[in-house]
Amino acid sequence: MSEVKLILLDFDGTLVDTRRANALAYIATLEEVGVTISESEYLSHFYGMRCMEFMRELGFEDEVEIERLRRRKIELYPNYFNFVTLNEALWNWCQMMRAMGVKVWIVSTGHIDNITNVMRYLRLESGVDGLITGDDVARPKPYPDAFCMAMESVGVLPKETIIFEDSEIGLEAARRSGASYVKIAL
């Protein structure tokens with residue numbers, strides 16, 4: 001690997017532990033429409049899925065209703081931010097690297113609203129140079145498109161990039177991108 005010029009951070013599960021907050025927001029949203037799901041069920045079977053896929057797994061078919069539920073979950077999500085925790089060791093290392101001129105981007109399949117709300121809550125906005133979400137690419141992870149888009153935007157090669165990921169889907173996207181990567185376990 002040559003000199004690192006770009007660090008790409010997955011958000012949920014890598015930089016920030018949002019598992020419980022996401023679970024509780026979805027549970028509250030689903031309760032409003034008479035669907036009961038436990039926190040452990042959500043975390044073991046559905047955490048990390050995009051909303052559309054998750055809702056279809058639960059039996060929802062109507063895309064308008066799924067979008068309404070997604071928006072409602074986003075509205076409720078900040079009520080559970082007290083359960084969100086930052087991976088401080090990774091964040092501090094990234095900020096040290098950033099002070100040395102390395103660019104730090106967040107690359108997540110999550111939705112922009114969810115990510116920016118948590119970033120505001122944790123006061124992370126000024127610590128990143130760019131953000132790519134699932135809303136920005138046609139093909140989400142495990143396709144490497146989001147990682148490649150970030151590298152192209154900064155003008156660096158895969159060999160100048162290091163990716164931090166937690167999920168197998170994210171790690172597959174990192175492998176496909178050609179960049180070096182590190183698996184994070186919170």
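Our subject is the structure that appears above.
A short tour of the structure in this document, coming up. Treat the numbers as computed from the prediction; the structure is a model and nothing was measured.

Let us now look at the overall build of the protein. Helix and strand counts for the protein come out as eight helices and seven strands. Expected size for 186 residues packed as a compact globule is a radius of gyration near 16 Å; at 17 Å, the protein falls within 12% of this value. Along the three orthogonal principal directions, the C-alpha set of the protein runs to about 55 × 30 × 25 Å. Expressed as a percentage of the 186 residues in the protein, the buried residues total 46%. Looking at the protein alone, contacts between residues at least 24 apart form 71% of all its contacts between residues at least 6 apart. Summed over all atoms, the accessible surface of the protein reaches about 9,100 Å², with 50% contributed by carbon and sulfur. Mean positive and mean negative side-chain charge positions of the protein (20 and 29 charges, respectively) differ by 4 Å.

For the rest of this paragraph, the subject is the packing of aromatic side chains. Per the stated rule, a full pass over the model turns up eight aromatic pairs. Between the aromatic rings of Tyr42 and Phe54, the centroid separation amounts to 5.4 Å while the plane-to-plane angle is 75°, which identifies the pairing as edge-to-face. Linking Tyr42 in helix α2 (residues 39-45) with Phe54 in helix α3 (residues 51-57), this pair joins segments that are 12 residues apart in sequence. Exposure remark for Tyr42: the relative accessible area of 3% places this residue in the buried category. Here Phe54 falls in the buried class, since its relative accessible area comes to 1%. Consider the rings of Trp93 and Phe164, whose centres lie 5.6 Å apart with planes at 65°: the pair is edge-to-face. One end of the pair, Trp93, is in helix α5 (residues 88-99); the other, Phe164, is in strand β6 (residues 161-165), and 71 residues separate them in sequence. Over the ring of Tyr26 we find Lys73; its NZ or CZ atom is 5.0 Å from the centre of that ring. Note that Arg176 overlies the ring of Tyr143, its terminal NZ or CZ placed 5.5 Å from the centroid.

Let us now look at unusual backbone geometry. Cis geometry is found at the peptide bond from Lys141 to Pro142, where omega equals 25°. With a phi angle near 60°, Arg123 is a residue other than glycine that sits in the positive phi range. Along the chain, the position of Arg123 falls in the loop between α6 (112-122) and β5 (130-132).

This next bit is on the packing of helix α7 (residues 145-154) against helix α8 (residues 168-177). Running from N to C, α7 and α8 cross one another at 45°; their axes reach a closest spacing of 8 Å. In this view, α7 runs oblique relative to α8, as classed from their interaxial angle. Facing Phe147, Cys148 and Met151 of α7, the residues of α8 in contact are Gly170, Ala173, Ala174 and Ser177. Taken together, the residues of the contact of α7 with α8 break down into five nonpolar, two polar and no charged.

Rules and cut-offs
Residues numbered from 1 in each chain as written. Predicted model: local features only at pLDDT ≥ 70, side-chain atom pairs only at ≥ 80, totals over all residues. Heavy atoms only, no water. Helix = DSSP H or I, 4+ residues; strand = E, 2+ residues; numbered from the N terminus. Rg over C-alpha atoms; globule rule 2.2 N^0.38 Å. Buried < 20%, exposed > 50% of the residue type's maximum accessible area, 1.4 Å probe, protein only. Contact = heavy atoms within 4.5 Å. Areas by Shrake-Rupley, 256 points an atom, 1.4 Å probe, with all protein chains shown as cover. Lys, Arg positive; Asp, Glu negative; His and termini not counted. Charge placed at Lys NZ, Arg CZ, Asp CG, Glu CD. Phe/Tyr/Trp six-rings, centres within 6.5 Å; stacked < 30°, edge-to-face > 60°. Lys NZ or Arg CZ within 6 Å of the ring centre and 35° of its normal. Axes fitted to C-alpha atoms, helices over the stretch in contact; angles between N-to-C directions. Parallel < 35°, antiparallel > 145°, perpendicular 65-115°, else oblique. Nonpolar A, V, L, I, M, F, W, Y, C, P; charged D, E, K, R; others polar.

Everything listed is a geometric property; what it means functionally is a separate question.
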